[in-house]
Amino acid sequence: MEREEAKKRVEELRELINYHNYRYYVLDDPTISDAEYDRLVIELQQLEERFPDLKTPDSPTQRVGHPPAEKFNTIPHTIPMLSLDNVFDEDEFIAFDKRVKRFLNIADKEHIEYVGEPKMDGVGVELVYEDGVFKVGSTRGDGFIGEDVTSNLKTIPDVPLVLKSDSSIRIPRRLEVRGEVYMEKKKFAILNRRRGEKGEPLFANPRNAAAGSLRQLDPMITAKRPLNVFFYAAGVVEGIKFKTHWEFLKALEKWGFRVNSRSRLLRGVDEVIRYYREMAELREELEYETDGVVIKVNRIDFQERLGSTSKAPRWAVAFKFEAKQATTVIRDVVFNVGRTGAVTPVAIFDPVKIGGVEVTRATLHNEDEIKRKDVRIGDTVVVQRAGDVIPEVVSVIVSKRKGSEKRIVFPESCPECGARVIRIEGEAAHRCTGGLSCPAQLKESIKHFCCKEGMDIEGIGEKIISQLVDKGIVKDIADLYFLRKDDLLKLERMGSKLADNILNAIERSKETKLEKFLYALGIRNVGEHLARVLAREFGSIEVIRELSVEELMGIREIGPVVAESIYNFFREKRNNQVIQKLLKAGVKIKSERVEKRGVLSGKTFVFTGALSGMTRSEAKKKVEELGGSVAPSVSKKVDYLVVGSEPGSKLDEAKKLGIRIITEEEFIKMIS
Ligand code: IVH
């Protein structure tokens with residue numbers, strides 16, 4: 001790789017890595033796997049090693065490896081913030097209750113008093129109050145040390161800045177109180193809708209939205225997010241001894257903390273189980289997400305006697321709701337082609353019921369995910385369904401392997417249209433290169449083709465496109481130009497006048513500009529701007545479709561990923577056939593080439609062999625600055641062939657065509 005090319009890739013990688021850092025650290029919503037992310041970082045590190053002058057102090061390689069917490073100060077928790085052990089069904093809870101009694105030396109027939117609380121699905125935090133004044137607040141972090149999010153917590157209305165007191169309750173000198181920051185389901189939906197409208201990335205779920213909102217370096221952003229807090233546990237409380245957890249919750253309320261009103265005092269196993277069932281019923285109706293209830297031994301002296309393991313207290317347990325997961329066996333993997341050409345692997349498995357719904361297929365997302373989870377055909381896997389999202393394969397139960405499982409192989413050609421399937425470096429998805437002729441992408445292609453910025457064909461909306469495709473009238477975008485009036489009249493709600501209007505609009509679109517035509521083709525990564533750049537730079541579709549990846553990368557705006565996608569588009573035979581068909585149908589493309597004025601104005605150069613004084617792209621840039629242009633190959637239109645060392649076949653071709661052949665020195669004279 002030459003330095004120029006490396007430079008471009010380095011810039012591209014930095015942009016990508018920064019973007020994925022943002023998704024991961026700020027939004028808590030990564031869109032690529034860790035493995036993919038690591039690959040990007042390694043590629044960047046290697047390039048920076050090979051070209052040390054490309055290293056900059058602000059490169060993400062200088063930052064990666066440090067935890068995100070670096071952005072915040074850290075705060076140690078006086079008492080570690082432990083996690084909770086889980087029980088998944090009633091029998092497991094009964095066993096927990098028995099263990100508690102055995103530990104406390106209490107007869108099995110006695111009832112332990114518990115407190116039940118909804119298990120909030122949010123971000124655990126600890127707040128410290130000194131003499132009733134809020135001092136610092138932190139996230140749970142690794143349980144021992146959290147991130148200082150004091151300023152952010154202060155923006156949440158549920159966080160009391162000063163505690164209330166009355167005659168019935170004193171204010172402790174130091175109070176450490178724990179709770180959960182969360183976002184209500186409805187508010188989450190509104191936030192995401194707004195973000196979608198603004199073209200901002202969406203949060204995957206309310207918990208990520210809460211975490212992402214709380215962990216903002218700019219508290220002003222947190223302030224704008226609809227966050228709530230429920231308080232439910234104590235750290236250090238100086239000067240007051242509570243007899244029970246229930247009493248503590250009541251004190252919290254008096255001090256002005258928000259405590260979940262669905263918390264209950266429960267006597268014995270039966271009441272716990274009844275509470276659990278009730279809450280499970282209520283689950284969908286609640287304003288917030290919960291994945292179970294937390295059951296805590298009420299008496300503090302019992303809690304102290306029971307103590308904790310290194311991970312979790314022995315006096316509390318998370319009693320989880322029925323999983324939205326199940327296990328099954330993968331029988332086959334098929335590949336789905338989406339509207340944009342993404343080829344998604346889908347596992348087909350023995351039918352299972354998850355949360356009352358029978359499921360037979362689930363997405364495997366992409367190749368990296370398959371590798372990460374090491375999924376194979378024949379594997380016993382855990383599948384999950386969460387809310388309205390598509391079921392997915394979560395993990396493989398490796399212990400159930402027999403040895404006959406088969407690896408999943410991505411198809412080399414598209415199951416819908418037979419075109420090549422490729423995976424572009426730096427992207428997670430495989431893509432069908434069929435573009436214009438792939439039926440899976442056809443409706444979307446037509447819509448894009450007709451849009452204002454494209455061929456600007458008015459009157460062909462989604463409903464018409466759908467019918468044209470479903471009835472088999474239009475099999476590729478070029479078929480639009482062969483539509484007859486009686487084809488249109490076969491469609492629903494189509495009158496003679498409307499049909500005429502559409503046919504006229506199609507006819508009018510035949511006279512178009514190259515930049516619009518290029519954009520209309522829907523080449524991946526080629527937006528309006530790039531279409532214009534390509535049109536001005538190269539002037540004709542014939543030239544553009546012959547460009548090599550290197551030649552495309554000669555353009556300032558084009559990096560390797562984009563160059564590759566343009567190159568690949570034109571390597572696909574079917575795409576070229578459709579373009580040919582469009583031209584045959586009478587589409588006339590006005591050349592857009594911008595002739596730059598300068599000493600080389602109107603002159604076209606071709607290079608062959610290696611230059612000694614500059615790189616190809618430097619030479620090209622120079623020519624263009626002076627108003628000339630550089631062609632990829634020799635043709636009659638070429639004025640000069642510049643010959644470097646070890647020239648290729650272009651030299652012979654140029655001789656045959658009688659093109660002027662000049663040396664590098666002569667070329668340098670011309671440009672200086
Ligand atoms: S009590 C030592 N109560 O669940 C007791 N935790 O899986 C631990 N959580 O880190 C905290 N709702 O962030 C407690 N009502 C509740 C809770 C709750 C949610 C979270 C908390 C904790 C995690 C443990």
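Residues numbered from 1 in each chain as written. Predicted model: local features only at pLDDT ≥ 70, side-chain atom pairs only at ≥ 80, totals over all residues. Heavy atoms only, no water.

Asker: Give me helix α24 (residues 664-671): which residues, what numbers.
Answerer: Among the residues making up α24, those that are buried are E664, F667 and I671. The buried residues of α24 all sit within an arc of 60 degrees when viewed along its axis, so they share a single face. Every exposed residue of α24 that faces more than 90 degrees away from the buried side is listed here: E665 and K669. Those residues of α24 hidden inside the fold are in contact with β23 (604-608), α22 (616-625), β25 (640-643) and β26 (660-663). (Buried < 20%, exposed > 50% of the residue type's maximum accessible area, 1.4 Å probe, protein only. Helix = DSSP H or I, 4+ residues; strand = E, 2+ residues; numbered from the N terminus. Arc of directions from axis to C-beta. Contact = heavy atoms within 4.5 Å.)

Asker: Provide a residue-level description of the pairing of strand β4 (residues 123-130), including the pertinent values.
Answerer: For β4, the tally of buried residues reaches seven of eight residues, placing the bulk of the element in the interior. Sheet analysis places β4 next to strand β7 (residues 174-182), joined by eight bridges and oriented antiparallel. Counterpart to E130 in the pairing with β7 is R174. Pairing analysis gives six bridges linking β4 to strand β5 (residues 133-139), with the strands arranged antiparallel. Note that in β5 the partner of V128 across the bridge is V136. Counted between consecutive antiparallel strands, the loop separating β4 from β5 contains two residues, among which D131 sits at a positive phi close to 50 degrees. (Pairing = 2+ DSSP bridges.)

Asker: An account of the environment of G527 is needed here, citing residue identities and associated values.
Answerer: Mapped onto the secondary structure, G527 falls in the loop between α16 (514-520) and α17 (528-538). Note on G527: relative accessible area 30%, which makes it partly exposed. A C-alpha to C-alpha distance of 9.9 Å links G527 and E515, two positions 12 residues apart in sequence.

Asker: Any chance you could break down helix α6 (residues 206-214) for me, citing the residues and the numbers?
Answerer: Burial analysis of α6 places eight of its nine residues in the buried class, the great majority of the element. Every buried residue of α6 is listed here: P206, N208, A209, A210, A211, G212, S213 and L214.

Asker: Quick one: what's the story with the site of the ligand, residue by residue and with numbers?
Answerer: Not every one of the 14 residues close to the ligand is listed here, only the nearest: E117, M120, E180, Y232 and K296. Between an oxygen atom of the ligand and a side-chain N or O atom of K119, the distance comes to 3.1 Å. Between the ligand and E180, the relevant distance is 2.7 Å, taken from an oxygen atom to a side-chain nitrogen or oxygen of the residue. With the chains in place, 86% of the 520 Å² that the ligand exposes on its own is no longer accessible. The leading source of residues in the shell around the ligand is strand β3 (residues 113-120), at four residues. Considered class by class, the residues forming the shell around the ligand number seven nonpolar, two polar and five charged. (Near = heavy atom within 4 Å. Polar contact = N/O pair within 3.5 Å; in protein donor to acceptor, adjacent residues only side chain to side chain. Areas by Shrake-Rupley, 256 points an atom, 1.4 Å probe, with all protein chains shown as cover. Nonpolar A, V, L, I, M, F, W, Y, C, P; charged D, E, K, R; others polar.)

Asker: Give me the lowdown on the sheet that holds β25, citing residues and values where you can.
Answerer: Spatial strand order, β24-β23-β25-β26: four strands in an open sheet with parallel pairing. Among the strands making up the open sheet, the edge pair consists of β24 (629-630) and β26. Judged from the four bridges that link them, β25 and β26 form a sheet pairing that is parallel. Among the inter-strand pairings, V642 is bridged to a residue of β26, identified as I662. Packed on one face of the sheet, α24 meets β23, β25 and β26 and runs near 90 degrees to β26. (Axes fitted to C-alpha atoms, helices over the stretch in contact; angles between N-to-C directions.)

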